[in-house]
Amino acid sequence: MRIVGGTFKSRIFNPGKNFKARPTTDIAKEGLFNILENRYNLEDKTVLDLFSGSGSIGYEFISRGCKEAAMVEKDFVHHRFIVEVLKTLNIQNARIFKADVFTFIKNYRGSFDFIFADPPFDLKNLAEVPNAILETGLLKSGGLFILEHPKEFDFSNHQYFKENRKYGKVNFSFFEK
């Protein structure tokens, strides 16, 4: 796993053999952050990274000057890896929660400028993720929710859908409320 931009650009971390997550590809991250950096000033923004896996997206936001990141990951091995990377990089403005995403979004009190979710592609209720997140108060007014998903899912008819971007097998759907 490599951080592709910002302060920590080119830092590489190896999650090890026991790691089951599918990290977002470098090409997809570069494409996503080119869009975000051209549209937003990330320095005063907050981000919630759901289904964090390796923490890759959270590190990218922090590396590019994001004010604060919260990461949610329930798998013990993945959570431990994120904690280790945060310590190694001495990141002080990120928090990691070891929790089920659906429980977390129901109970957390606070809001974010960006919410990024990269659920396992075989998640049974993946199609319900946008509503589950957008029906909470977690996304600030004018905020952006980004869902990474396989090509088999089409969210273009969702009431808050704005656009879809494809990078190889990676699809990002953007939602604004």
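Everything discussed here concerns the structure shown above.
Let me sum up the structure you'll find in this document. Quantities reported herein were computed from a predicted structural model and do not represent experimental measurements.

1. Regarding the pairing of strand S1 (residues 46-50)
Here's step 1: Counting buried positions along S1 gives five out of five residues, so the element sits mostly inside the fold.
Here's step 2: Taking every second residue as pointing to the same face, both faces of S1 are buried, with Thr46, Leu48 and Leu50 on one and Val47 and Asp49 on the other.
Here's step 3: Across five bridges, S1 lies against strand S2 (residues 68-72) in parallel orientation. Bridge pairing in S2 places threonine 46 opposite glutamate 68.
Here's step 4: This β-α-β element, S1 to helix H2 (residues 56-63) to S2, shows right-handed connectivity.
Here's step 5: Two strands pair when backbone bridges link them, and S1 and strand S4 (residues 112-117) are joined in this way by four bridges, in the parallel orientation. Looking at the pairing, valine 47 lines up with phenylalanine 114 of S4.

2. Comments concerning the sheet that holds S1
Here's step 1: The seven strands lie next to each other as S3-S2-S1-S4-S5-S7-S6, forming an open sheet whose pairing is mixed. Only two strands of the sheet have a single neighbouring strand rather than two, namely strand S3 (94-97) and strand S6 (161-167). Adjacent strand axes in the sheet meet at a mean angle of 15 degrees, parallel and antiparallel pairs treated alike.
Here's step 2: As defined by bridge partners, S6 adjoins strand S7 (residues 170-176) across six bridges and the pair is classed as antiparallel. Residue pairing for S7: glutamate 163 is matched across the bridge by phenylalanine 174.
Here's step 3: Where helix H1 (residues 26-39) meets the sheet, it contacts S4, strand S5 (139-149), S6 and S7, and its direction lies at approximately 140 degrees from that of S6.
Here's step 4: Those strands touched by helix H3 (residues 76-88) are S2 and S3, and its axis lies near 165 degrees from that of S3.

3. Focus: the pattern of salt bridges
Here's step 1: Here the structure, examined in full by the defined rule, presents eleven salt bridges.
Here's step 2: Among the ionic pairs, arginine 2 bridges to aspartate 26, the shortest N-O distance being 2.9 Å. Of this pair, arginine 2 sits in the segment before H1 while aspartate 26 is found in helix H1, placing the two residues 24 residues apart along the sequence.
Here's step 3: Where aspartate 44 meets lysine 45, a salt bridge forms, and the shortest distance between an N and an O atom there is 3.9 Å.
Here's step 4: Judged by relative accessible area, aspartate 44 falls into the partly exposed class, the value being 44%.

Here is what the cut-offs are and how they apply
- Residues numbered from 1 in each chain as written.
- Predicted model: local features only at pLDDT ≥ 70, side-chain atom pairs only at ≥ 80, totals over all residues.
- Heavy atoms only, no water.
- Buried < 20%, exposed > 50% of the residue type's maximum accessible area, 1.4 Å probe, protein only.
- Helix = DSSP H or I, 4+ residues; strand = E, 2+ residues; numbered from the N terminus.
- Pairing = 2+ DSSP bridges.
- Right-handed = clockwise from strand over helix to strand, strands pointing away.
- Axes fitted to C-alpha atoms, helices over the stretch in contact; angles between N-to-C directions.
- Contact = heavy atoms within 4.5 Å.
- Salt bridge = Lys/Arg side-chain N within 4 Å of Asp/Glu carboxyl O.

Remember, this is a structural readout, not a statement about activity or role.
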